[in-house]
Amino acid sequence: MKITGVEAIPFAIPYRKPLTFASGEVHVAEHVLVRVHTDDGVVGIAEAPPRPFTYGETQDGVVAVIRKIFAPQVIGLNLWQREVIHARLGRTVGNPVAKAAIDMAVWDALGRTLDIQVTELLGGYTDRMRVSHMLGFDEPAAMVAEAEKMRDVHGITTFKVKVGRRPVELDVAVVRALREALGEGAELYIDGNRGWTASESAAAMKQMADLNLLFAEELCPADDVLGRRWLVSHIDVPFIADESVPTPADVTREVLGGSATAISIKTARTGFTGSQRVHHLAEGLGLEVVMGNQIDSQLGSMCSVVFGAAYRLTSRRAGELSNFLDMSDDLLTEPLEICGGELTIRPGAGLGVDLDPDKLARYRQDI
Ligand SMILES: [Mg+2]
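Here the residue index of a chain counts from 1 through its sequence in written order. Under the rules for a predicted model, residues below a pLDDT of 70 receive no local features and side-chain atom pairs below 80 are neither given nor counted, while totals for whole chains, interfaces and linings still include all residues. Water and hydrogen atoms play no part in the side-chain values, which are based on all heavy atoms of the structure.

1. Topic: the layout of surface pockets
Thinking step 1. A cavity here means a set of 1 Å grid points, computed over protein atoms only, where a 1.4 Å probe fits but cannot escape. A pocket is an open set with protein on both sides within 12 Å along at least 5 of 7 lines, and lining residues have an atom within 4 Å of a point. Grid points are joined across faces, edges and corners, and a volume is the space filled by probe spheres set on the points. In this structure, the largest pocket occupies an estimated 410 Å³ of space.
Thinking step 2. Lining of the largest pocket is provided by 19 residues; of these, H86, P96, K99, T247 and R269 occupy positions nearest its centre.
Thinking step 3. Counting residues per element, the lining of the largest pocket draws most heavily on helix α4 (residues 96-114), which supplies four residues.
Thinking step 4. Residue classes follow a fixed rule: Ala, Val, Leu, Ile, Met, Phe, Trp, Tyr, Cys and Pro count as nonpolar, while Asp, Glu, Lys and Arg count as charged, and any other residue, Gly among them, counts as polar. For the lining of the largest pocket, the per-class residue count stands at six nonpolar, nine polar and four charged.
Thinking step 5. Those elements that place two or more of their residues in the lining of the second largest pocket are α1 (52-55) and α10 (248-256). Helix numbers and strand numbers start at the N terminus; a helix is a DSSP run of H or I with at least 4 residues, a strand a run of E with at least 2.

Here is the structure:
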């Protein structure tokens, strides 16, 4: 049960097509694989997907902070000491995805050691989640075609539409085209990644008032404090805080300040231990929750569904679990499959997924 080593392995896998949104774009998944080794010979795995444009982390920075600062602080602890690990990593500010990947790899190692699924260790509410697919910037016809393909091939009926372009009519036209093509049975919500001002957001929401949106997410920056508070008080759907609430303290501040009425939980930035705290806080505050995607590969997507399926609140809404479909390849031995609009937990211990050594050798960048 004692941690004997922590590896940080940079890898890169190209996307078939880039994902573009208001705060950035992604062409290649330049992530870091984290492996936690124990003296029993168990290896726990997780991935860190750095997002420089959102949290300031880079692939090189994640590798460096894990190897030089975090690994020496957790080696020698045992897998049950997750609170000690959380506290020690917390002594360093920032670096959310580096910390989260170590945390999740520890949980995976614990599950494998005990021969139990991590989702059962966490809460065991269900074994699956409905899937929401994220649509990046494109022409309306192309975004409709992608949504229809996801519906027809994978059974997905919930879509998150990236917005935040100028003029706002560009994005309004997309959402209108999606509603007309998919019908009222589809769930649609929008994510601005802080691309609009509060007044642009309000104008866009007015133009989309008849489109039955489920949520609106991060339409304008949280740092526009009064503007955002005004916007949230004037729209009639829950307003999701995502990148503005990476910690429980941020959730408290934004929600009690009137700048959000729902939140996104991303295991990629809060791991399992931090996501538990955010989940319990959200439940106490009476917030709706969406399991978000940090453009995760299959390993990260499995971490999201493992956590989301563990609780009633996190499994109620469709989770953003399909970004891996746009990657040209992956590291797992058995690819994840979205069937009937759902992603299901694997039966094995821990996260229930394993790495393909040949694929890791092909995509790792450090040897
Ligand atoms: Mg978002």
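2. Considering empty space enclosed by the protein
Thinking step 1. Under the defined criterion, the tally for this structure stands at two cavities of 30 Å³ or more.
Thinking step 2. Looking at the largest cavity, its volume works out to about 170 Å³.
Thinking step 3. Surrounding the largest cavity, 21 residues form its lining, F21, K162, N193, K266 and N293 being those nearest its centre.
Thinking step 4. Mapped onto the lining of the largest cavity, the elements with two or more residues apiece are β1 (3-21), α1 and β5 (158-162).
Thinking step 5. At three residues, α1 tops the list of elements feeding residues into the lining of the largest cavity.
Thinking step 6. A class-by-class count of the residues in the lining of the largest cavity yields six nonpolar, five polar and ten charged.

3. Observations regarding the pairing of strand β3 (residues 43-48)
Thinking step 1. A simple rule labels every residue: compare its accessible area, found with a 1.4 Å probe on the protein chains alone, to the largest value its type can have, and call it buried under 20%, exposed over 50%, or partly exposed in between. Across the six residues that make up β3, a large majority, five, are buried.
Thinking step 2. Between any two strands, pairing holds if DSSP finds at least two bridges. The pairing of strand β2 (residues 24-38) with β3 spans six bridges and is classified as antiparallel. Considered in β3, the bridge of H37 is made with V43.
Thinking step 3. In this antiparallel pair of consecutive strands, β2 and β3, the connection spans four residues, and G41 shows a positive phi of 85°.

4. What about unusual backbone geometry?
Thinking step 1. Cis rather than trans, the peptide bond between R166 and P167 has omega equal to -10°.
Thinking step 2. By the element assignment, P167 lies in the loop between β5 and α7 (169-182).
Thinking step 3. At N95, a residue that is not glycine, the phi angle is positive and equals roughly 55°.
Thinking step 4. The phi angle at E218 is positive, at roughly 40°, despite the residue not being glycine.
Thinking step 5. Relative to the assigned elements, E218 resides in the loop between β7 (213-217) and α9 (225-234).
Thinking step 6. Here E218 falls in the buried class, since its relative accessible area comes to 0%.

5. A closer look at α7
Thinking step 1. A helix's residues, less one, multiplied by 1.5 Å, set its expected span. Taking 1.5 Å of rise per residue, 14 residues should cover 20 Å, and α7 covers 20 Å from first to last C-alpha, within 8% of that figure.
Thinking step 2. Residues of α7 that are buried include every one of D171, V172, V174, V175, L178, R179 and L182, and no others. Take α7 and look down its axis: the buried residues cluster within an arc of 160°, on one side only.
Thinking step 3. By the convention used here, residues are in contact when the closest approach between their heavy atoms is within 4.5 Å. Elements in contact with the buried residues of α7: β4 (128-135), α6 (140-154), β5, β6 (187-191), α8 (198-207) and β7. The arc in question is traced by the directions running from the helix axis to the C-beta atoms.

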